[in-house]
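Each chain, written out:
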Amino acid sequence: MSFKVDPKTPGSRNGPNGEGESRSLQTVLRAVVRDLKDVAVFLLDAQGRIQSWSSGAEAITGYAADEVLGGSFARLFPAEESERPARALPTASAQSRFEDEGWQVRRDGSRYWANLTVTAVHQDSETLVGFLAVLRDVSGRNARERDLKESEERFRGLVDGVRDYAIFTLDPRGYVRSWNAGARQIKGYEAEEIIGSHFSRFYPPEAIARGWPEHELRVAAMEGRFEDEGWRLRKDGTRFWANVIITALRDGSGELKGFTKITRDLSERRRREEELRQNEQRFRLLVESVHDYALFMLDPLGFVSSWNAGAQRITGHRAEEIVGRHFSNFYRAEDVVVDRPWHELAAARRAGQVELEGWRLRKDSTTYWSKVIVSAIVDGQGQLTGFAHVIQDLTRQRHTEALENAATRMNEFIAMLAHELRNPLAPIRNAVMLMEKKGLGDSVLESMRQTIDRQSRNLERIVSELLDVSRVTRGQLLLDERPLDLADLLERAIEASRPAIDGGEHELNVSLGERPIPIVGDSLRLGQVFVNLLNNAAKYMAPHGCIWLTVARRQKEVEISVRDAGIGIRPEMLSRVFDLFVQDRDTLERSSGGLGVGLALVRRVVELHGGRVEARSAGRGHGSEFLVHLSMPQPAAGETAVPVEPGISIAGAMPCEAVVRELPRRRVLVVDDNTDAAQTLDSLLAAMGQETAVVYDGFAALEAVENFHPDLVLLDIGMPKLDGYEVARRLRALPGGKHLTLAAVTGWGQEADRRRALDAGFDRHCSKPVSEAALRELIAAAHSDRANRSRVPAE
């Protein structure tokens with residue numbers, strides 16, 4: 001639309017004042033735009049030069065009037081958009097009007113998005129006198145539109161990317177118009193497969209038959225929203241349990257445009273709910289059928305409201321006899337008198353749950369020892385609704401615990417007995433070793449010495465076996481497993497068993513096969529196994545018998561056979577020979593006796609190594625064979641065989657016993673309140689070339705260390721006034737005490753005793769009687785222990 005100026009208007013080119021056309025145009029413009037502040041309105045002449053400038057133009061562009069009047073309006077455009085002002089005027093001249101949107105430039109160089117309208121101004125219908133330009137800063141509107149567009153794009157992307165929900169739209173008749181990734185994942189259809197199809201394809205036949213899809217749309221159209229749960233179909237025909245929400249879409253006039261539909265797959269939740277329901281049902285049936293526990297409910301006042309089979313078995317009451325009666329019927333009269341049942345309910349109400357033990361009463365008035373758990377049951381508002389009552393009959397367990405306590409006391413007695421036996425053993429063994437070193441020469445005395453030696457060794461073995469039995473019964477028989485050569489271990493076992501074999505004048509045939517024979521195990525314990533089996537073979541055989549020791553490799557394991565031509569084992573005893581304290585009395589035709597624990601220890605040690613042991617015999621008079629099966633470590637591809645460590649001596653079976661050939665001279669202090677033990681040990685050490693001193697109590701030991709300056713202290717534990725543990729702690733606290741080698745020499749040989757000795761500051765722990773080999777090892781180690789400690793800075 002063109003803007004026309006009346007030629008008769010005052011100030012026009014033909015007016016009486018004779019002013020030019022620009023003056024007339026400016027007069028008109030000022031009248032129109034005087035108060036416009038948010039719109040830039042200005043006039044251009046026919047060549048596009050600015051002829052007027054409004055306050056709104058100055059506010060929007062930042063140019064003052066004197067800066068732009070007479071200049072080209074192209075300066076308001078960015079340099080790269082010069083075609084816009086060049087196109088604006090011809091278009092407005094030809095079409096009367098030009099409008100577009102684009103970037104404009106302010107005086108400070110900043111840009112803004114503007115709507116530009118240029119209208120041709122004609123003096124008459126043909127004469128173009130200029131243009132009216134209107135600029136509107138629409139940056140805010142453009143930003144809002146851009147934000148709205150981005151928001152819509154984000155929402156569309158969000159909906160399209162959702163995978164846990166099927167989100168799609170329907171037209172008013174129920175045909176699919178859009179499809180997101182979640183719909184594809186849940187229902188299995190691609191968008192091109194389903195768009196345009198009716199949504200009833202997702203419903204099972206029985207739902208379609210009763211018109212359920214149409215019902216859903218009808219309700220959603222009337223009420224604006226419809227929600228339901230039910231079975232739906234996937235593309236492959238499988239069913240899933242769905243939650244469906246349908247929302248009606250209407251425009252501003254209220255016309256129905258379609259529906260949005262959101263579907264969630266709740267199959268997993270329904271499965272869990274069904275499992276929970278079934279579990280609750282099973283739990284109810286389980287509670288009702290449990291026989292080992294009395295499980296029942298009480299109301300808030302303590303009256304029985306449910307009853308299970310276990311409650312009937314334990315108390316003797318049938319459900320119809322006890323439901324509705326107060327649970328105080330289960331308490332003895334003396335407990336009811338002091339209100340114990342009500343006190344227990346009050347405690348459960350306060351704490352939520354109480355656990356008790358005590359006597360309860362059966363229907364027949366007999367009592368039983370029970371463990372009782374009473375739990376308060378509260379509802380969602382925290383109101384007490386009753387109590388859950390669980391009773392376990394512990395009468396038998398109480399008797400068992402009494403037996404276990406007796407067994408514990410027996411183990412303690414064994415440990416005490418071992419300690420008391422070892423104390424007299426120590427001086428006897430020391431005297432025997434001393435007699436051997438003196439070489440008395442008298443054949444009678446030598447024979448007596450050998451007798452004492454043999455019998456003291458037997459006594460020592462019995463003590464060790466007693467302690468091992470205690471460890472087995474308590475499950476405390478521990479292993480120190482390392483790579484070993486089985487052939488070396490067997491040779492040392494043969495050497496340890498040689499006195500028994502030679503004493504019976506038996507013939508020993510050994511076949512070890514290819515060497516080495518790598519295994520992983522505790523050399524001390526495995527040594528006990530084979531010494532035990534070899535001694536057994538020698539003991540249960542008449543003189544001049546034969547023993548065969550054979551090793552055979554069987555794929556991934558090694559089989560060790562100890563066979564003899566002895567008295568054999570009766571068939572009915574084969575399954576029992578490895579049990580504790582079991583002996584075949586019919587075979588005990590000699591005075592060898594024994595505790596009946598050796599083979600039990602053999603089996604336990606072998607099983608701890610992951611192996612197995614078996615006994616074979618054709619019966620009385622046909623000899624016996626014991627087979628030990630042990631695993632052989634298998635090196636991985638490309639690896640060499642597992643390296644083996646040199647074994648320690650099996651003789652004596654004590655952790656501190658190893659043979660050391662070169663014996664240095666040391667200063668050794670012996671501390672023991674047993675005079676015989678102390679003096680015989682002192683004499684033995686002197687015969688071994690050591691410089692010794694002897695004291696008989698802990699206080700004397702502290703004084704002797706300061707005066708004698710020993711390298712090694714052999715310290716008894718069980719001394720009066722000041723025991724060995726306290727002496728060790730005080731010695732370590734003395735100047736230079738950290739450099740002493742302290743060895744506990746005691747009749748207490750349990751693992752706990754060893755740990756306690758080390759914690760008290762001892763370097764070594766040896767059980768009485770201490771063999772010469774053990775003494776040699778202690779003397780040799782004293783220097784290295786001292787040297788190692790000297791490298792550790794004092795605290």
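Residues numbered from 1 in each chain as written. Predicted model: local features only at pLDDT ≥ 70, side-chain atom pairs only at ≥ 80, totals over all residues. Heavy atoms only, no water.

A.B. asks: I would appreciate a short explanation of the sheet that holds strand β20 (residues 624–631) in the present structure.
C.D. replies: Strand order in the open sheet made by the 5 strands is β15-β17-β18-β20-β19, with mixed pairing throughout. At either margin of the open sheet sits one strand with a lone partner, and together these are β15 (507–511) and β19 (612–616). Each neighbouring strand pair of the sheet contributes to a mean axis angle of 15°, computed without reference to strand direction. Pairing analysis gives 8 bridges linking strand β18 (residues 557–564) to β20, with the strands arranged antiparallel. Bridge pairing in β20 links V562 to F626. (Pairing = 2+ DSSP bridges. Helix = DSSP H or I, 4+ residues; strand = E, 2+ residues; numbered from the N terminus. Axes fitted to C-alpha atoms, helices over the stretch in contact; angles between N-to-C directions.)

A.B. asks: How should I be thinking about the nonpolar core in this particular structure?
C.D. replies: Soluble globular proteins: nonpolar side chains tend toward being buried together. Counting residues in each nonpolar core, the largest one holds 41 residues, and the members touching the most others are L486, F530, L533, V558, I560 and V628. Of the residues forming this core, the biggest block, 8 residues, is contributed by helix α18 (residues 523–539). Excluding anything up to four places from it in sequence, L486 contacts I517, I519, F530, V558 and I560. (Core = buried A, V, L, I, M, F, W, Y, C linked by side-chain atoms within 4.5 Å. Buried < 20%, exposed > 50% of the residue type's maximum accessible area, 1.4 Å probe, protein only. Contact = heavy atoms within 4.5 Å.)

A.B. asks: How do you make sense of the environment of D393 when you look at a structure like this?
C.D. replies: Position of D393 among the secondary structure elements: in strand β13 (residues 384–393). The sequence separation of D393 and E357 amounts to 36 residues, and the corresponding C-alpha distance is 9.9 Å. With residues near it in sequence (within four places) discarded, D393 still touches I314, R362, Y368 and W369. Within the structure, D393 has its side chain in polar contact with the side chain of R362 (distance 3.0 Å). A polar atom in the side chain of D393 sits 2.7 Å from the side chain of T395. (Polar contact = N/O pair within 3.5 Å; in protein donor to acceptor, adjacent residues only side chain to side chain.)

A.B. asks: Just to check I follow, could you spell out helix α14 (residues 340–351) for this structure?
C.D. replies: Since the α-helix turns once every 3.6 residues, residues separated by three or four places project in the same direction. The terminal C-alpha atoms of α14, which comprises 12 residues, lie 16 Å apart, in line with the 16 Å expected from a rise of 1.5 Å per residue. When we look at burial in α14, the residues that qualify are P341, E344, L345, A347 and A348. Projected down its long axis, α14 carries its buried residues within an arc of 160°, all on one side. Buried positions along α14 lie against β10 (293–298), α13 (333–337), β11 (353–361), β12 (367–378) and β13. With its phi angle positive at about 95°, G352 sits one or two positions after the end of α14. (Expected span 1.5 Å × (residues − 1). Arc of directions from axis to C-beta.)

A.B. asks: Explanation requested: the sheet that holds strand β23 (residues 712–715) in the structure shown.
C.D. replies: Where strands meet in a sheet, backbone hydrogen bonds hold them as pairs that are either parallel or antiparallel. Read from one edge of the open sheet, 5 strands run β22-β21-β23-β24-β25, paired in parallel fashion. Two strands close off the open sheet at either side, each with one partner strand: β22 (691–695) and β25 (764–767). If you compare each strand with its neighbour and ignore which way they point, the axes differ by 20° on average.

A.B. asks: How do you make sense of the pattern of salt bridges when you look at a structure like this?
C.D. replies: Once their charged atoms are close, side chains differing in charge can pair, the charge on each being opposite to the other. On inspection of all chains with the given rule, the structure shows 42 salt bridges. E216 is paired through a salt bridge with R232; the nearest N and O atoms lie 2.9 Å apart. Highlighted residues: E216 in helix α9 (residues 212–223) and R232 in strand β7 (residues 225–233), separated in sequence by 16 residues. The pair formed by E216 and R232 is uniform in burial state, with each residue classed as buried. Notably, a salt bridge pairs E691 with R667, separated by 2.9 Å at the nearest N-O pair. (Salt bridge = Lys/Arg side-chain N within 4 Å of Asp/Glu carboxyl O.)

A.B. asks: Teacher, can you tell me more about the pairing of β12 here?
C.D. replies: Within a regular strand, side chains alternate between the sheet's two faces. Taken together, the 9 bridges between β11 and β12 define a ladder with antiparallel strand orientation. Across the sheet, residue V354 finds its bridge partner in β12, namely V374. Between β11 and β12, which pair antiparallel in sequence order, lie 5 residues; one of them, S365, sits at a positive phi of approximately 75°. With 9 bridges joining them, β12 and β13 adopt antiparallel strand pairing. Across the sheet, residue V372 finds its bridge partner in β13, namely I391. Counting the residues in the hairpin turn of β12 and β13 gives 5 residues, including G382, whose phi is positive at 80°.

A.B. asks: What exactly am I supposed to notice about the packing of aromatic side chains here?
C.D. replies: What describes a pair of aromatic rings is the distance from one ring centre to the other and the angle between the planes of the rings. Scanning the entire structure with this criterion turns up 16 aromatic pairs. When the ring of W212 is compared with that of F226, the centres are 6.1 Å apart and the planes differ by 65°; the resulting orientation is edge-to-face. A residue pair is termed long-range when its members are at least 10 positions apart, and W212 in helix α9 and F226 in strand β7 qualify at 14 residues. By relative accessible area, F226 is classed as buried at 8%. Ring geometry for F578 and F626: centres 6.1 Å apart, planes at 85°, overall edge-to-face. One end of the pair, F578, is in the loop between β18 and α19 (598–608); the other, F626, is in strand β20, and 48 residues separate them in sequence. Of the two residues, F578 and F626, neither departs from the other in class, the shared state being buried. Every member of this aromatic cluster is reached through a ring pair, and the members are F168, W179, Y189 and F202. The aromatic ring of W241 is capped on one face by R270, whose charged end is 3.7 Å from the ring centroid. Looking at R563, its charged tip hangs above the ring of W548, at a distance of 4.2 Å from the centre. (Phe/Tyr/Trp six-rings, centres within 6.5 Å; stacked < 30°, edge-to-face > 60°. Lys NZ or Arg CZ within 6 Å of the ring centre and 35° of its normal.)

A.B. asks: What's the story with unusual backbone geometry in this structure? I'm lost.
C.D. replies: With the exception of glycine, most residues fall at negative phi, and the peptide bonds are largely trans. Omega for the bond connecting R515 with P516 falls within 30 degrees of zero, at -5°, which places this linkage in the cis form. Its place among the elements puts P516 in the loop between β15 and β16 (518–521). Unlike most non-glycine residues, Q555 shows phi in positive territory, near 55°. For Q555, the position within the fold is in the loop between β17 (546–554) and β18. Residue Q555 is classed as exposed on the basis of its relative accessible area, which comes to 82%.

A.B. asks: How should the side chain of D485 be read in this particular structure?
C.D. replies: Structurally, the position occupied by D485 is in strand β14 (residues 482–485). Buried and unpaired, D485 has R515 as its nearest opposite-charge partner, separated by 4.4 Å. Within the structure, D485 has its side chain in polar contact with the backbone nitrogen of A487 (distance 3.0 Å). (Lys, Arg positive; Asp, Glu negative; His and termini not counted.)

A.B. asks: Please explain α9 as it appears in this structure.
C.D. replies: Here α9 spans 16 Å end to end across 12 residues, near enough to the 16 Å set by a 1.5 Å rise per residue. Along α9, the residues classified as buried are W212, P213, E216, L217, V219 and A220. Within α9, the buried residues cover an arc of 165° as seen down the axis, which keeps them to one side. Tucked into the core, α9 has its buried residues touching β6 (165–170), α8 (205–209), β7, β8 (239–250) and β9 (256–265). One or two steps after α9, the chain reaches G224, where phi turns positive at roughly 90°.

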